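# Descriptive analysis of the structure
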Amino acid sequence: MTLALVSTEEDLKDLVAFEMGGELLAVPTRILREVIEPPKITRVPMAGVYSAGLINVRGVVIPVTDLRPLFNMPQKDFDIDTRILVLELNLDAGPMTIGVIAEKVHAVLSMDPETVQAVPTVGTRWPAQTIKGIGRWQDRFVNLIDLERVAEQHLGADQAADHAA
Amino acid sequence: MIDAETQEIFRQETEALIESLQDALLALNKTPDDAELVTQVFRDLHTLKGTGAMFGYARLAEFIHDFEAAFEAVRSGNATVTPDLIAVSLKAYDLIVALLEGEEPPVERDAELKSALAAVTAGDAPAAASIDAPEPDVAEDGEVEAWILTFKLPPDFMEIGGNPIAMLDELIEIGGADTKVRALTDGLPALADLNPAEMHTGWEVILPGGASESDIMDVFMFHEDQMELSLKPVRKEKPAVQQDLREEELQPGAQQQEAEKKAAASDRKGGTAKVQMRVSAERLDDIMDRVGELVIAEARLTDLASKLGNSDLMEVVENIQRLALGLRDTTMAIRLTPVSSITGRFQRLAHDLAGKTGKDFDFVIEGEETELDKTVIEKLSDPLVHILRNAVDHGLEDSDTRIAAGKPARGTVTLSARYSGADVLISVKDDGKGLDPDFIRGRAIDRGLIGEDAVLSRSEIFALLMEPGFSTAEQITDLSGRGVGTDVVKSTVEGLRGSVEIESELGAGSTFTLRLPLTLAIIEGLLLQVGDERFTVPLAAVGGIVEQPEELKKGSEPTTVIELREELISILRLREIFECDGPTNEHPKVVLVETGGTQVGLAVDRIIGSYQTVIKQLSPMHSRLNVFSGATILGDGDVALIVDVAQLVRSQGLDNQNKEQAA
């Protein structure tokens, strides 16, 4: 039952864990392209709270999202630990490269599928369908975030990728 | 087996050929006496036949053979170009296209058209010149008794996939049982040096005089330039004319003696013609991407060098700057294609429409030489077909109605293309009955597109035509009901970052204008500063820069109207609209920008300067905003947004107001 909640058992073996608003989140390293120190972020006016702006990663313009407002977390200022996870999401409308602000990035970890449980329907801060499951690592809860779902439902990435062309 | 790549080459080759063929046929309709055009048609058909046969399109090759014969009759003066010939030829052309696209038209169609072709070319021709008559060149200088053909293939002939035995078989098929073949072995190396994979044998083939010269030459069609070849006629009465075919052009038909004059003309043409090369669009995109990166790197270098202030370095940097810009211009020019590359099919469409509707009209094309990015041009074809159909089907009236309205009986539909700043305007204009705003309004209310009390300007009412759901079944006719709807015209054009404008006067006609950006990759941009953020606007849209008047510095509404040079002008305060922070400038500026036929002013803090802007598309996360058409990377590596001024104006609801003022 629990395994059906995550993409594959493989994904659980290779996760990158990061911190945001005091919570520990994780995404499979399969979708991680790189972790970078925040370069200058160009704000996009009128783009809403989830948009942090645009960054230049070696000549490629990549959008950056700040998910903290989505999870009702305070937007702490950038500090020495702040990183941007550059992720390659596989959306229905095509691949999309996106940066996600993380307050701190932990090591790559491996999780025991047995510890992964479904998200309780009430009493959590997570909007519906944003978390695939919750596992345990070093006595802490690790929230397995479903970024594809988040991008499609909350960041407007459900539109055809060539919409802008 | 033909692989996908070869198929693709074949497709590209034939595409250019059939386009050229159609153009020539349509042009012949206007100037039937143009011998050049006849030669052109003949040449295109001949090449199509050869290419088709090589790729296994037997039916196509066989059909074209007869089609070609009709034009051979014209070429040799045994028939003339008549409207009937053109009409039948266009139908034959359609069959060729259908066959090429792998459709399976009924086989009887071939025979039908063949006999129609024979009929239209035999009608006024001398009795001897029926289609089945032997090729006229044979009889010229006395009857040919035999052909002596000697040829030697290149050593790597078999390595590149050639099959000499098949060639010999083909020759024997042409010559029949009397054909004599002799191997020429004088070129064979000593046994020790012999590589069995190489081709060293030559052949002498004697064919009977009844064989046609062009049939013989066709065997070697694609190898002529790599091989040694000579074909000599042995004549009965007069001594044989020596011809060294190696010196002949590859152009089919050049061998025919009676065509020598024409051949000389085309040789001359061949000598000055530009050398063309086919490159896949993907590679061009690759180059464009790299040039884009280069331009960004160059901007960065310039930025660093000017900070260092070393004059030797500056000199090199300026040189690199010059080279990068040159490369950019050349690359963009490669991607630019003249509008004429697609007008051929419109000529044809107009021709067909005239036939189907029975409406008499002139189709005029202006500004065919106007160039646009290749991807843009290709996507424009369908929308333009739709607009043209509409213009003829719904726009033009029949002759009686026109005469009654005091107009010339013949209508005119004009397709024109011209530059306007960084845009290209392509318009389709008809002098028909025009659009009735009241009627459109009524229908839009019926369809629930607008409320009954909606206040709309003329242009807004016309724009309703392009709303999905406006077009209805009762409007659909055989002509206009097919293909894309007018709403698709709008979305296609907007997808190319363009817009559609409709102008019309009841009783006098309508004009549909597509406004499109010249290129999708790099623009000249003006970099502006607002607070501590920077934005780019396309320089071509900028009409001027003025100091902000005192009255403007005071307020803080996002939009306002001021009087500038004795004209009222809408001002957009970017600081307020974009909610920018940061210090203001003591001498803020207003950038005057042209958009949709009207001028607005953008209030900004500082003008940084103009520079090459490589447009990076926004991800779906930001592209739905519309206000920004893309982003670009600046010399210092930061990202700046490119403002789409027309969309910005629309987002602030100034659109209607301005249009009304302009009207």
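A quick note: this is a predicted structure, and the numbers were derived from the prediction, not measured.

## Quick notes on the overall build of chain A
Summing up its helical and strand segments, chain A has two helices and 10 strands in all. Listing every helix and strand of chain A by position from the N terminus yields α-β-β-β-β-β-β-β-β-β-β-α. Expressed as a percentage of its 165 residues, the buried residues of chain A come to 48%. Looking at chain A as shown, the accessible area adds up to about 7,900 Å², and 49% of this sits on carbon and sulfur atoms.

## With respect to the confidence of the model for chain A
Residue and element names in this part refer to chain A. On average, residues of chain A carry a pLDDT of 83, and 89% of them reach 70 or more. Here helix α1 (residues 9–13) stands out as the element of chain A with the lowest mean pLDDT, 75, in contrast to strand β3 (residues 32–36), whose mean of 93 is the highest. Low pLDDT (under 50) marks residues 1–6, which in the prediction has 14 contacts with non-local residues, meaning those over four places away or in another chain. Here residues 159–165 is a poorly scored stretch, pLDDT under 50, and it has 12 contacts once near neighbours within four places are set aside; other chains count.

## Concerning the pattern of salt bridges
All names here are of chain B. Tallied over the full model, the rule gives 31 salt bridges over all chains. With a closest N to O distance of 3.0 Å, E293 and K616 form a salt bridge. Residue E293 is located in helix α9 (residues 281–308), and its partner K616 is located in the loop between β19 (606–614) and α19 (620–623); the two are separated by 323 residues in the primary sequence. A salt bridge links R410 to D360; the nearest nitrogen and oxygen atoms lie 2.9 Å apart. One end of the pair, R410, is in the loop between α13 (399–404) and β8 (411–420); the other, D360, is in the loop between α11 (340–357) and β6 (361–366), and 50 residues separate them in sequence. For D360, a relative accessible area of 41% translates into the label partly exposed. Here the salt bridges do not stand alone but share partners, grouping E397, R402, K407 and D431 into one network.

## As for the interface of chain A and chain B
Each partner contributes residues to the interface: chain A has 29 residues there, and chain B has 29 residues. In total, chain A and chain B occlude about 2,300 Å² of area from one another, counting both sides; carbon and sulfur atoms represent 62% of this. Put simply, chain A and chain B have two salt bridges between them. Linking A:K40 and B:D638 is a salt bridge whose minimum nitrogen-to-oxygen distance equals 3.1 Å. On the surface where chain A and chain B come into contact, there are seven residue pairs in polar contact (both at pLDDT 80 or more). Among the elements of the structure, β4 (51–57), β5 (60–65) and β7 (94–102) of chain A are those that each provide at least two residues to the side of chain A that touches chain B.

## Regarding the side chain of B:R441
Here B:R441 is to be found in helix α14 (residues 437–446). B:D438 provides the closest opposite charge to the buried, salt-bridge-free B:R441, at an N-O distance of 6.4 Å.

## Section: helix α3 (residues 58–75) of chain B
All names here are of chain B. Helix length check: α3 (18 residues) gives 25 Å between terminal C-alpha atoms against 26 Å at 1.5 Å per residue, within 8%. Every buried residue of α3 is accounted for by L60, A61, F63, I64, F67, E68, A70, F71, E72, A73, V74 and R75. A positive backbone phi angle near 80 degrees is found at G77, which sits one or two residues after α3.

## Considering the sheet that holds strand β13 (residues 533–538) of chain B
Adjacent strands of a sheet form backbone hydrogen bonds with each other and so pair up, either parallel or antiparallel. Residue and element names in this part refer to chain B. Strands sit in the order β19-β12-β13-β21-β20 across an open sheet of five strands; the sheet is mixed. Each end of this open sheet is capped by a strand with a single partner; those strands are β19 and β20 (628–633). The average undirected angle you get between the axes of adjacent strands in this sheet is 35 degrees. As defined by bridge partners, β13 adjoins strand β21 (residues 639–643) across two bridges and the pair is classed as parallel. Within β21, the position partnered with F535 by the bridge is L641. In the packing of α9 onto the sheet, the strands contacted are β12 (522–530), β19 and β20, and the crossing angle to β19 comes to about 150 degrees.

## A few points about the sheet that holds strand β9 (residues 131–137) of chain A
Residue and element names in this part refer to chain A. In space, the five strands of this open sheet follow the order β8-β1-β2-β10-β9, with mixed pairing throughout. Taken across any chain shown, the strands that pair with only one partner, and hence form the sheet edges, are β8 (104–109) and β9. Averaged over neighbouring strand pairs, the angle between their axes works out to 30 degrees when direction is ignored. Where strand β1 (residues 15–20) meets strand β2 (residues 23–28), six bridges bridge the pair, whose relative direction is antiparallel. Its bridge partner being in β2, F18 is matched across the sheet by L25.

## Focus: a nonpolar patch on the surface
A cluster of nonpolar side chains, namely B:L188, B:L191 and B:L194, defines an oily patch on the protein surface of about 300 Å² accessible area. Along the chain, B:L194 turns up in the loop between β2 (180–184) and β3 (202–208).

## Things to note about the environment of B:V107
All names here are of chain B. Summarising the element assignment, V107 is placed in the loop between α4 (83–100) and α5 (108–122). V107 sits in the exposed class, given a relative accessible area of 54%. Placed 48 residues apart in sequence, V107 and R59 show a C-alpha to C-alpha distance of 9.1 Å.

## Remarks on helix α12 (residues 374–395) of chain B
Residue and element names in this part refer to chain B. Compared with an ideal rise of 1.5 Å per residue, which puts 22 residues at 32 Å, α12 spans 30 Å between its outermost C-alpha atoms and is within 8% of the ideal. At S381, α12 shows its maximal kink, close to 35 degrees; a proline, P383, follows between one and four residues later. Most of α12 is tucked away: 16 of the 22 residues are buried.

## Points about the environment of B:G187
All names here are of chain B. Position of G187 among the secondary structure elements: in the loop between β2 and β3. Judged by relative accessible area, which is 35%, G187 ranks as partly exposed. Residues G187 and G202, spaced 15 residues apart in sequence, show a C-alpha to C-alpha distance of 7.6 Å.

## Considerations on the nonpolar core
All names here are of chain B. One finds F363, L380, L384, I426 and L516 to be the most contacted residues of the largest nonpolar core, which totals 44 residues. Counting residues per element, this core draws most heavily on α12, which supplies nine residues. Excluding residues within four positions of it along the chain, F363 makes contact with F346, Q347, A350, L388, V413 and L415.

## Overview of the pairing of β13(B)
Residue and element names in this part refer to chain B. As paired strands, β12 and β13 are joined by six bridges and run antiparallel to one another. By the bridge assignment, L526 is partnered in β13 with V537. Two successive antiparallel strands, β12 and β13, enclose a turn made up of two residues, where G531 displays a positive phi of approximately 60 degrees.

## Considerations on the packing of aromatic side chains
Residues and elements named next belong to chain A. A complete count under the given rule lists seven aromatic pairs over all chains for this structure. Measuring from ring centre to ring centre gives 4.8 Å for F71 and W126, while their planes differ by 80 degrees; the resulting arrangement is edge-to-face. Of the two residues, F71 sits in the loop between β5 and β6 (83–91) while W126 sits in the loop between β8 and β9, which places them 55 residues apart along the sequence. Side by side, F71 and W126 carry an identical accessibility label, which is buried.

Conventions and cut-offs
Each residue is numbered by its place in its chain's sequence as written, counting from 1. Written order determines the labels here, with chains lettered from A and ligands numbered from 1. In view of the model being predicted, local features appear only for residues whose pLDDT reaches at least 70, and side-chain atom pairs are presented and counted only at 80 or more, with totals across whole chains, interfaces and linings using the full set of residues. With hydrogens and water stripped out, all remaining heavy atoms of the structure feed into the side-chain values. The helix and strand labels rest on DSSP assignments: H or I over at least four residues marks a helix, E over at least two residues marks a strand, and numbering proceeds from the N terminus. A simple rule labels every residue: compare its accessible area, found with a 1.4 Å probe on the protein chains alone, to the largest value its type can have, and call it buried under 20%, exposed over 50%, or partly exposed in between. Note on areas: Shrake-Rupley, 1.4 Å probe, and residue coverage restricted to the protein chains presented here. pLDDT gives the predictor's per-residue confidence on a scale running from 0 to 100. We call two residues in contact whenever any of their non-hydrogen atoms come within 4.5 Å of each other. Any Lys or Arg side-chain nitrogen found within 4 Å of a carboxyl oxygen on Asp or Glu counts as a salt bridge. Note on terms: buried area is the combined drop in 1.4 Å-probe accessible area of two parts once they are placed together, counting the loss on both. We define a polar contact as two N or O atoms separated by no more than 3.5 Å, with the added condition that, inside protein, one atom must be a possible hydrogen donor and the other a possible acceptor, whereas residues neighbouring each other in sequence contribute only through side-chain atom pairs. Two residue types count as positive, namely Lys and Arg, and two as negative, namely Asp and Glu; His and chain ends fall outside the count. In this analysis, the expected span of each helix is defined as 1.5 Å times one less than the number of residues it contains. Strands are treated as partners if at least two bridges between them are detected by DSSP. Fitted lines through C-alpha atoms give the axes, limited to the stretch in contact for helices. The angle between two N-to-C directions lies from 0 to 180 degrees. Put simply, a patch holds well-exposed residues, over 30% relative accessible area, that have no salt bridge, with like charges counted together within 9 Å and Val, Leu, Ile, Met, Phe, Trp or Tyr side chains within 5 Å. Bend at a residue means the angle formed by two fitted axes: the first through the 7 residues ending at that position, the second through the 7 residues beginning there. In this text, buried Ala, Val, Leu, Ile, Met, Phe, Trp, Tyr and Cys residues form a nonpolar core when linked through side-chain atoms within 4.5 Å. Under the pairing criterion, centres of Phe, Tyr and Trp rings, with the six-membered ring standing for Trp, must be within 6.5 Å; the plane angle then separates stacked pairs below 30 degrees from edge-to-face pairs above 60, leaving the rest tilted.

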